[in-house]
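Structure assessment
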Amino acid sequence: MNNPQISEETETLRFGQALNRALGDAMRADDRVFLMGEDIALAGGPFGVTRKLLDEFGQRRVRDYPIAEASMVNLAVGAALGGYKPVVEIMFMDFCTLAMDALVNQAAKAHFMFGEQGPVPLVLRTPHGGGLNAGPQHSQCLEAWFAHIPGLIVVCPSNAADAYGLLRAAIDNPNPVVFVENKRLYSAKSEFPANPQPIEIGKARTARSGSDLTIVTYGNTVHLAEQVAKQRADQNIDIEIIDLRSLQPWDETAVLTSLSKTHRLIVLHEATEAFGIGAEIAARMADIGFDELDAPIIRVGAPFMPVPYSVALEAEFGPNAEQLNTAIDRLLL
Amino acid sequence: MNNPQISEETETLRFGQALNRALGDAMRADDRVFLMGEDIALAGGPFGVTRKLLDEFGQRRVRDYPIAEASMVNLAVGAALGGYKPVVEIMFMDFCTLAMDALVNQAAKAHFMFGEQGPVPLVLRTPHGGGLNAGPQHSQCLEAWFAHIPGLIVVCPSNAADAYGLLRAAIDNPNPVVFVENKRLYSAKSEFPANPQPIEIGKARTARSGSDLTIVTYGNTVHLAEQVAKQRADQNIDIEIIDLRSLQPWDETAVLTSLSKTHRLIVLHEATEAFGIGAEIAARMADIGFDELDAPIIRVGAPFMPVPYSVALEAEFGPNAEQLNTAIDRLLL
Amino acid sequence: MPTLKRSAPTRLLLGLYRTMLRIRRVEERLSALFADGTIPGFIHLSIGQESVPAAITHHLTNSDTVAITHRGHGQALAKGINLDAFLAEMMGRASGICQGRGGSMHIADSSVGMLGANGIVAGGIPIAVGSALAHQLDGQGNIAVPYFGDGAIAEGVFHESLNIASLWNLPCLFVCENNGWGEFSKTDDQFSGSLKKLAATYDMDYQFIDALDVAKLSNLAGRMIKAVRKTSRPAILECKVTRHHGHYEGDPQKYRPEEELNQLGGQDPVSHAYDKLITAGIPVSELTELDRQIQAEIDASVAQAMAADHPQFDQAAAGVYA
Amino acid sequence: MPTLKRSAPTRLLLGLYRTMLRIRRVEERLSALFADGTIPGFIHLSIGQESVPAAITHHLTNSDTVAITHRGHGQALAKGINLDAFLAEMMGRASGICQGRGGSMHIADSSVGMLGANGIVAGGIPIAVGSALAHQLDGQGNIAVPYFGDGAIAEGVFHESLNIASLWNLPCLFVCENNGWGEFSKTDDQFSGSLKKLAATYDMDYQFIDALDVAKLSNLAGRMIKAVRKTSRPAILECKVTRHHGHYEGDPQKYRPEEELNQLGGQDPVSHAYDKLITAGIPVSELTELDRQIQAEIDASVAQAMAADHPQFDQAAAGVYA
Ligand SMILES: Cc1ncc(C[n+]2csc(CCOP(=O)(O)OP(=O)(O)O)c2C)c(N)n1
Ligand SMILES: Cc1ncc(C[n+]2csc(CCOP(=O)(O)OP(=O)(O)O)c2C)c(N)n1
Ligand SMILES: [Mg+2]
Ligand SMILES: [Mg+2]
């Protein structure tokens, strides 16, 4: 069963609220968990994910940090080495550029490089993606950078239930986790279990079963894939959708299993296609899945340009249903 | 002809000396070119690439910068917008983590985001790679990060002639260029033309012609490929080697042409295999080159771990001839 | 116009008032255009802070450069950005100063020495210092002005910038618009030092001023800019300002004490200048006429922007590299 | 040993001398082992700078934490790192403190509160401040010490660290080993301010001392550490030291004035302490015996390290994640 967390007694919840609940539950479960970020305490976070947590947990555990990303993430490394479990928020993924040393040279390497003397259990939450006409410096999807770095874990949920389950798992995980949240999802409602549980990192979810073609995707584009798959079902095209959920490690077995069934593969994501997450999925399948392939592997991602500001440009920027349909047509027609 | 710059009158030159000569020639040719870096002026650079340039060009154009990478690259952006052509050195590629905002949010985007009001002609030189037992924070190959960013150009030469020609082209280029130098190459000697010229960015070089199998690679691993190809030639295995030279843009046509000849592809690089440069090459060929493929595409790169310090560990870290031979065997035997 | 009988200070004030009022009216229009959905994305208004760019740019030429912030409309307009191209950019049109690719957070106009707004807090500061380096190499006596907010002071790159500017004697005037807030957080919760002490650390001239009085501010800025030009020593000018709107348009400002919100009226450099002009004998009718002219200019600019084409995607895609 | 008749200061000095001498002898051995190829990679010796870690750690417990630099052998040894595991690490052996994965630039020993050396200049500073935050949350009165060189002062993250430590009253003592050089560049070409002024900016206690006299330094460090523990206000201690060797082993030091190199003898905290001990009546024979014991310890440690296994690749590969 691919969705163990969705039981019969479900309500619906917004993605952002699910994250809020996960943070609250994690903090109640373990008093070593604390939060740092810009405007996360008094203001509840720019997207409201940390709303009301200050009231319950106080300034000691919900900390507004000055606008100083580099030291913030490094402080989290130090606190993690000291036995705490910091969850830091970088307000937009684009600002992770300011904290790359902390993440890549320090957090990712400490466990290995110091000979396994102690883990660095920190979670870095950050929103990626466009759609808000926020322009080139507030819309980037940089997850491929982190997936390239041994020692980091990268996760990106597509719905409220997964957001909760993966964030709980990320906080429980002894390793540094980059937890990527798509901005367009924050206010999206989806089913939420009565008794939500952590979801194992590294396991994909079959968002839709199908036999003709596999779309591997994650985050917000899962919904694009679902929408297109639904439309194409009317034309008797039966699409399987794999929601990766974790990007590092990613579920090679799930993708290969699906490919072995459908023999056709599209990798879809909002990030720039070139050198993006999809490149690794495709490259890996062109190796271990070669014998299963009946057609080229097609990637659908953002074009090779910064995310533009204007409504007209961002609307065409993609990835969108048209591009996805073109890819499907190329594989099946 | 793939090596227009190598004429009959060649001498040999060290890779580092070729870079030094390129910097000097560029500064003589255009007085808007100036250099900034840590210990590059008085000390001539940690690997000697900027040796003696201070003597010729003075402090105005050869500038020792404090240990402050973030502002250094940002200053270069500002100076480039002001009509200069800064060439900055980041002492080890691992320290680029401190200058990612400058490179990715500023340099890469300014031309596009400001509506083409003016380019940002800066070059960032930086050494990558292991082999010096310099450990996890002084050995990384992070070029895939930069190749993922629209607006950046990424170049990585494998020999003295290319080092010269590509660096001249990088300095001439109006866009920000990340110029990657493999540490192990600095002291390597190779042929050098009497009258060296800029080499077009984006064009690969066929380092060896062959018919059975294509190895696509760049930087120091070109030599690994050559060495193995030579050995395998004795077994009548005829390997073609494509030296990419440019990673963004990369020469898709050259790779596809070679694949169309050999029908078998290995992508080899020193960087971490997962989500590395090779992923994009393989993914692209699994799409546009699918019909040419007679076998899986195999990547040979570093394992998914930080570069370890000890001699014993780094020796096994790879990529090495054994791993490359295993890949060749998988494709041909 | 009977300007001949007027004193120099009054003429000066009238010019500064005009610049400020124009910024104010443009931003009021932006507020409305944002509210009705004509402008997408995020916009950060500088209503209440107009005196700073008005006073600073009064002493700059087009060869001097400024790097502006996310709250930079006033900084851009004062520096001379073309209003048509500015408004078209806000609406994401092809005729926008950035061809619709940047929007409010990335307006730039190299023709008037405006290096570009930045969506990265403190991001423009070291770029402006790099521009100052270019000025130094040029040797033409130009200077660079990095504008920044109080929130930017916590970013490491600001401190690196102070150091190198001082170390290399780079001609730049660091101008802080201190509005007491960084988004929804008070400055005092963000930085434990002060610009004054930082200036002492880096051996720079430092001045603090309440920016309510634009004429006083202009005098001070003029002196400082002259000194920066002459000595090529960097300096810091801290301006106390009041942000009248939210951090971004649409911000309900729940975090802000009601008392503070009630006092905004007394913290307005535009009405402060208006009162001084009336006291100096400028007839109300003249100021009303000035306002009318500005509004007419804005009306026309808004109309052309609304009528302008949307950018072509292919053209944008072709503009990633030079 | 006739220690009973000795004054407390003499006993103290003897202890500090022992720590310093042990560092010195270990590093001399490292130098030789590097020269003969037994130790690979880069190593940065702290010969001439031993008094700082000796004095600082004298006042720390294993629960206090230190983040050390690339020039951190002395800082590590003084904090109590196991010599066998230390030397094995330098030789890249499986029994090394980091299992041979880190080497000189990444030695760490969490069991004695040593957070880890850093190959990134200034990299350890904010991590130590994060450790101080953990101490504050723990409420046990422990403190954190970020060591750093004069070159690190130009890095932005250092300034961010000062700010947050001051803002949040974090218990840490920033200890600068100012040897006048950052690699091959003089400090004065790198930073235009001073630690003293920075301390004033962030309202921290600041003290400067010539680290030649380890006893004086220890007194001062003791007072400061006590104050940090008690008040939880961060403070800065700047120690003037002299780097006797090159930036890294093998550095020919052509950039260094001959005069400076000729004066190293007078800038040696180890021989300075030796002379004071002799003056205080400690017999030469006792100090010779101490040296012999230290050398014997080192001999044994080197021998075990040389005999130790090389690490297994598979085991390293399995150690990337916890
Ligand atoms: C590096 C970075 N971190 C965080 C943000 C989000 N952000 C945008 S404006 C702002 C507050 C800036 O405060 P200040 O510098 O005082 O400028 P003001 O908005 O008050 O004009 C923040 C935190 C950002 N844009 N860039
Ligand atoms: C971020 C970063 N930039 C540059 C370097 C290269 N580097 C190593 S040590 C050093 C000089 C450091 O000087 P200082 O902090 O004074 O320490 P010292 O070597 O004098 O003990 C430099 C530039 C580095 N390791 N990290
Ligand atoms: Mg502010
Ligand atoms: Mg030093």
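Keep in mind that what you see is a predicted model, and the values were worked out from it rather than measured.

1. Here we look at the overall build of chain A
Looking only at helices and strands, one finds 11 helices and 14 strands in chain A. Taken against the 2.2 N^0.38 rule, which gives 20 Å for 333 residues, the C-alpha radius of gyration of chain A at 19 Å falls within 12% of a compact globule. For the C-alpha atoms alone, the extent of chain A along its principal axes is close to 60 × 45 × 45 Å. Across chain A, contacts joining residues at least 24 apart in sequence account for 81% of those joining residues at least 6 apart. When the accessible area of chain A is evaluated, it comes to approximately 9600 Å², of which 46% is carbon and sulfur surface.

2. Regarding the coordination of the magnesium ion (ligand 3)
Residue and element names in this part refer to chain C. The magnesium ion (ligand 3) binds to the protein through Asp150 (OD), Asn179 (OD1) and Trp181 (O); the donor distances cover 2.0 to 2.2 Å. Positions of the donor residues of the magnesium ion (ligand 3) along the chain correspond to the pattern D-x28-N-x1-W. You can see aspartate 150 sitting in the loop between strand S3 (144–149) and helix H6 (156–167) and its partner tryptophan 181 sitting in strand S5 (residues 181–182), a full 31 residues away along the chain. Judged by its relative accessible area of 3%, aspartate 150 is buried. Residue class for tryptophan 181 comes out buried when judged on its relative accessible area of 6%.

3. A look at the site of ligand 2
Around ligand 2, a shell composed of 22 residues is seen, among which Glu69 of chain B together with His70, Arg71, Gly119 and Gly151 of chain D lie nearest. Residues lining ligand 2 come from chains B and D. Residue glycine 151 of chain D places a main-chain N or O atom 2.7 Å away from an oxygen atom belonging to ligand 2. Within the complex, 97% of the 580 Å² of free accessible area of ligand 2 lies under protein. Looking at the shell around ligand 2 residue by residue, the class counts come to 8 nonpolar, 8 polar and 6 charged.

4. Let's talk about the site of ligand 1
Glu69 of chain A together with His70, Arg71, Gly119 and Gly151 of chain C are the nearest of the 22 residues found near ligand 1. Looking at the residues close to ligand 1, they fall on chains A and C. At a separation of 2.6 Å, a nitrogen atom of ligand 1 approaches a polar side-chain atom of glutamate 69 of chain A. Looking at the shell around ligand 1 residue by residue, the class counts come to 8 nonpolar, 8 polar and 6 charged.

5. Structural notes on the interface of chain B and chain C
On the chain C side, the residues contacting the 38 residues of chain B number 37 residues. Here chain B and chain C share an interface that buries about 3000 Å² over both sides, 62% of which is from carbon and sulfur atoms. Considering only the surface of chain B that becomes buried against chain C, Leu75, Phe112 and Gln117 of chain B emerge as the three largest contributors, covering 21% of it. Taken together, the connections running from chain B to chain C amount to 1 salt bridge. Applying the counting criterion to the chain B and chain C interface returns 13 residue pairs in polar contact (both at pLDDT 80 or more). Residue contributions to the side of chain B that touches chain C peak at 9 residues, all from helix H3 (residues 69–81) of chain B. Here the residues of the side of chain B that touches chain C sort into 20 nonpolar, 12 polar and 6 charged.

6. Concerning the confidence of the model for chain C
Averaged over every residue, the pLDDT of chain C is 96; residues scoring 70 or more account for 99%. Prediction confidence for the complex, expressed as pTM and ipTM, is 0.97 and 0.97 respectively.

7. A closer look at the coordination of the magnesium ion (ligand 4)
Donor atoms from the polypeptide that coordinate the magnesium ion (ligand 4) comprise Asp150 of chain D (OD), Asn179 of chain D (OD1) and Trp181 of chain D (O), at 2.0 to 2.2 Å from the metal. Within one chain, the residues serving as donors to the magnesium ion (ligand 4) are arranged as D-x28-N-x1-W.

8. Considerations on the nonpolar core
Ile56 and Phe174 of chain C together with Ile56 and Phe174 of chain D are the most contacted members of the largest nonpolar core, which totals 365 residues. With 11 residues, helix H1 (residues 8–35) of chain D is the single largest residue contributor to this core.

9. Section: the interface of chain B and chain A
Facing 52 residues of chain B, the contacting portion of chain A comprises 52 residues. In this assembly, chain B packs against chain A so that about 4600 Å² is buried in total across both faces, 66% of it on carbon and sulfur atoms. Of all residues in chain B, Trp145, His148 and Phe275 of chain B give up the largest surface area on contact with chain A, accounting jointly for 18% of the area buried on that side. One can count 4 salt bridges joining chain B with chain A. As a salt-bridge pair, arginine 299 of chain A and glutamate 280 of chain B come within 2.7 Å of each other at their nearest N and O atoms. In this assembly, chain B and chain A are joined by 25 residue pairs in polar contact (both at pLDDT 80 or more). Elements that contribute at least two residues to the side of chain B that touches chain A include exactly helix H4 (100–113), helix H5 (143–147), strand S12 (246–248), helix H9 (277–288) and strand S14 (298–302) of chain B. The class makeup of the residues in the side of chain B that touches chain A is 32 nonpolar, 10 polar and 10 charged.

10. Description of empty space enclosed by the protein
Under the counting rule described, the total for this entry stands at 14 cavities of 30 Å³ or more. Of the voids in this model, the largest cavity is the one considered here, and its volume is about 210 Å³. Lining the largest cavity are 19 residues, and of these Ala70 and Leu98 of chain A, Ala70 and Leu98 of chain B together with Glu160 of chain C lie nearest its centre. When its residues are assigned to classes, the lining of the largest cavity shows 9 nonpolar, 5 polar and 5 charged.

11. Focus: the pattern of salt bridges
All names here are of chain A. Taken as a whole and judged by the stated rule, the model has 62 salt bridges over all chains. Between glutamate 11 and arginine 21 there is a salt bridge whose closest N-O contact spans 3.1 Å. Of this pair, glutamate 11 sits in strand S1 (residues 10–14) while arginine 21 sits in helix H1 (residues 15–29), and the two are 10 residues apart along the sequence. The exposure class of glutamate 11 is partly exposed, given its relative accessible area of 35%.

12. What to know about the relation of the copies chain B and chain A
Once chain B has been moved 0.0 Å along the axis and rotated by 180°, it coincides with chain A to within an RMSD of 0.0 Å. Within this description, the copies of the chain are treated as partners about a two-fold rotation axis. Interface overlap between copies is the fraction of interface residues in one copy that are interface residues in the other; for chain B against chain A it reaches 100%, indicating a shared surface.

13. Thoughts on the layout of surface pockets
Residue and element names in this part refer to chain D. Taken as a whole, the second largest pocket holds about 710 Å³ of empty space. Lining the second largest pocket are 44 residues, and of these His44, His70, Val121, Glu183 and His247 lie nearest its centre. Every element with two or more residues in the lining of the second largest pocket is listed here: strand S3 (144–149) and strand S5 (181–182). Ranked by residue count, the leading element in the lining of the second largest pocket is S3, at 3 residues. Its residues assigned to classes, the lining of the second largest pocket comprises 20 nonpolar, 16 polar and 8 charged.

Definitions and cut-offs
Residues numbered from 1 in each chain as written. Chains lettered and ligands numbered in written order. Predicted model: local features only at pLDDT ≥ 70, side-chain atom pairs only at ≥ 80, totals over all residues. Heavy atoms only, no water. Helix = DSSP H or I, 4+ residues; strand = E, 2+ residues; numbered from the N terminus. Rg over C-alpha atoms; globule rule 2.2 N^0.38 Å. Contact = heavy atoms within 4.5 Å. Areas by Shrake-Rupley, 256 points an atom, 1.4 Å probe, with all protein chains shown as cover. Donors = N, O, S within 2.8 Å, 3.2 Å for Na, K, Ca; no water. Buried < 20%, exposed > 50% of the residue type's maximum accessible area, 1.4 Å probe, protein only. Near = heavy atom within 4 Å. Polar contact = N/O pair within 3.5 Å; in protein donor to acceptor, adjacent residues only side chain to side chain. Nonpolar A, V, L, I, M, F, W, Y, C, P; charged D, E, K, R; others polar. Buried area = accessible area lost by both parts, 1.4 Å probe. Salt bridge = Lys/Arg side-chain N within 4 Å of Asp/Glu carboxyl O. pLDDT = per-residue confidence, 0-100. Core = buried A, V, L, I, M, F, W, Y, C linked by side-chain atoms within 4.5 Å. 1 Å grid on protein atoms, 1.4 Å probe; cavity = no way out; pocket = protein on both sides within 12 Å on 5 of 7 lines; lining within 4 Å. Points joined across faces, edges and corners; volume = space filled by probe spheres on them. Least-squares fit on C-alpha atoms with pLDDT ≥ 70 in both.

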